[in-house]
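Here is how the chains run, residue by residue.
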Amino acid sequence: MSEAKSIYAALLAIQQGIKAPKDKKGYGYEYRTADGIMQAAKPLLQENGVICILSDQAVSIGTRYYVESTARLIDIATGDVIEAKGTAVEPDKLASMAPPQITGTASTYARKRALEGLFLLDNEKDVDSREVQDEIAAQTRQNAAGARSTRNAGNYKGNTDNIRHKAMQGLAAEMKRLGMTGEEVSALCGLKFGKTNSRDLTTGQLSELAAHLEEWEAEQMGGK
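In this text, all values refer to a predicted model and were calculated from it rather than measured experimentally.

A. Highlighting a nonpolar patch on the surface. Residues Ile51, Ile53 and Ile76 make up a contiguous nonpolar surface patch of roughly 270 Å² in combined accessible area. Relative to the helices and strands, Ile51 resides in strand β3 (residues 50–61). Of the residues examined, Ile51 reaches a relative accessible area of 38% and is grouped as partly exposed.

This is how it looks when you write it as structure tokens:
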């Protein structure tokens, strides 16, 4: 019989061995699900002498309700525990779904986030990544350069660039609040505007996307 592993060694083995590709397709992009992650993890859990338990808790922050999911990895021999959490906000309203369905959809999404964090599967771009931040910084520099080159022609272009930059910042803030990835936002751009990237949107479309981001993401989650 092999020597028992510590729970940290077991987690490392699972993180290195798990294969949970984004094998689902919809709304113009590929994604993975909580069920898919658990199916991929089950053989590794048994092999390493640990179990994984998922639980949910409703959390009220201000006037909004969130589902906070916890993925716990438990050593069956020692009872040692490692956990990771994921959250998803419940939309204020969604005409196509009843309240229990809205909560269930948020739970599914939060559990996926928790499992991705526990097993180091969340390798998608998000608004905090260096790549996205570099894109925002590059756009800011481009806007500033454009404003300087047209200074003698008046302030119209500079004002327009400033408005667009604020629209981009508003979208980035909403992405961060909702925990959405660049991939997911690009999918919404294709679905709602026929564009493959938010950078291709007009300033008005950027503002519209930011204003409806939570609602449209909830619609996609419901479709999954």
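Back to the write-up after that little detour.
B. Molecular detail of the packing of helix α2 (residues 34–47) against helix α3 (residues 99–118). The geometry of α2 relative to α3 is characterised by a closest axis approach of 8 Å and an angle of 40° between their N-to-C directions. For the element pair α2 / α3, the angle class is oblique. Contact residues: α2 offers Ala34, Ile37 and Met38, while α3 offers Thr108, Arg111, Lys112, Leu115 and Glu116. Classifying every residue of the contact of α2 with α3 by side-chain character gives four nonpolar, one polar and three charged.

C. Representation of the confidence of the model for the chain in the model. When pLDDT is averaged along the chain, the result is 78, and 74% of the positions lie at 70 or above. The model gives residues 125–133 a pLDDT under 50, and that stretch makes 17 contacts with residues more than four places away or in other chains.

D. Examining the sheet that holds strand β5 (residues 81–89) more closely. Spatially, the three strands line up as an open sheet ordered β3-β4-β5, and their pairing is antiparallel. Two strands lie at the open edges of the sheet, namely β3 and β5, each paired on one side alone. With strand direction ignored, the average angle separating the axes of adjacent strands in the sheet is 20°. Summarising the sheet, strand β4 (residues 64–75) and β5 pair through nine bridges and their orientation is antiparallel. Among the inter-strand pairings, Ile74 is bridged to a residue of β5, identified as Val81. Together, β3, β4 and β5 form the strand contacts of helix α1 (residues 7–17), whose direction differs from that of β4 by roughly 110°. This element, α2, spans β3 and β4 of the sheet and lies at about 135° to β3.

Parameters at a glance
- Residues numbered from 1 in each chain as written.
- Predicted model: local features only at pLDDT ≥ 70, side-chain atom pairs only at ≥ 80, totals over all residues.
- Heavy atoms only, no water.
- Patch = residues over 30% accessible without salt bridge, like charges linked within 9 Å, V, L, I, M, F, W, Y side chains within 5 Å.
- Areas by Shrake-Rupley, 256 points an atom, 1.4 Å probe, with all protein chains shown as cover.
- Salt bridge = Lys/Arg side-chain N within 4 Å of Asp/Glu carboxyl O.
- Helix = DSSP H or I, 4+ residues; strand = E, 2+ residues; numbered from the N terminus.
- Buried < 20%, exposed > 50% of the residue type's maximum accessible area, 1.4 Å probe, protein only.
- Axes fitted to C-alpha atoms, helices over the stretch in contact; angles between N-to-C directions.
- Parallel < 35°, antiparallel > 145°, perpendicular 65-115°, else oblique.
- Contact = heavy atoms within 4.5 Å.
- Nonpolar A, V, L, I, M, F, W, Y, C, P; charged D, E, K, R; others polar.
- pLDDT = per-residue confidence, 0-100.
- Pairing = 2+ DSSP bridges.

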